[in-house]
Structures are given as structure tokens and as C-alpha cells.
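# Chains, contacts and geometry: an overview
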Amino acid sequence: MKKVYANLLGEWVNLSDDEKCVMGPHKTSPFIWWEENAEIWSPNKKEEHTMYQQDYVQIHYKGKDYRINPIFIQIVED
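Quick summary incoming for the structure in this document. (Residues numbered from 1 in each chain as written. Predicted model: local features only at pLDDT ≥ 70, side-chain atom pairs only at ≥ 80, totals over all residues. Heavy atoms only, no water.)

For Trp12, the location among the structural elements is in strand β2 (residues 11-14). For the pair Trp12 and Ile73, spaced 61 residues apart in sequence, the C-alpha to C-alpha distance is 8.8 Å. Each residue touching Trp12, except ones within four places of it in the same chain, is listed here: Tyr5, Ala6, Asn7, Phe72, Ile73 and Gln74. (Helix = DSSP H or I, 4+ residues; strand = E, 2+ residues; numbered from the N terminus. Contact = heavy atoms within 4.5 Å.)

Quick look at the sheet that holds strand β4 (residues 57-61) now. As summarised here, the arrangement of the 3 strands in space is β3-β4-β5, forming an open sheet in which the pairing is antiparallel. Sheet topology places β3 (22-23) and β5 (64-68) at the edges, where each strand pairs with a single neighbour. The pairing of β3 with β4 spans 2 bridges and is antiparallel. Residue Met23 lies in a different strand from β4, and its bridge partner there is Ile59. (Pairing = 2+ DSSP bridges.)

Don't take any of this as a statement about function, it's just geometry.
Spelled out as C-alpha cells, the structure:
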């Protein structure tokens, strides 16, 4: 079984620990997000030197919304 972990505010968490966790633009469960293309927001870099043009993944975890860079996601297979 695959598990999706994310580093949220400096702590690695298993996103499946929260049954209400959703990810990406289609707001799917972490497992479905991974299995169905692991979609991230990846803009064409129209503006330089701005955080708004960086790649990111939206995550809703334990009642809070996060926007993180994809490098802070790890997939672990048991």
C-alpha cells in the first residue's frame, strides 16, 4: 500500500491519517491524487522574482489549508 507524506510546517505527516484530507485542484484523497497523475499547479513563468509563480500543491489537512512545493511530498510503499 502506498502512503503519501508531506512536510507541513517542518513536520512530516502521513496525509491518510486524516480521513478528510484532500489534495490538488480536484480535491481528491492523497492516494487518489497520487494514482491519478499527482497534479500540481505549474505556471508558465510570466513574472520573475515572485512566490506566486512557483509550483505548488494544495493540501487540506486536519482543517487547515496548505500550499507547499512538491519537493515536500514523499510516497512510501509498504
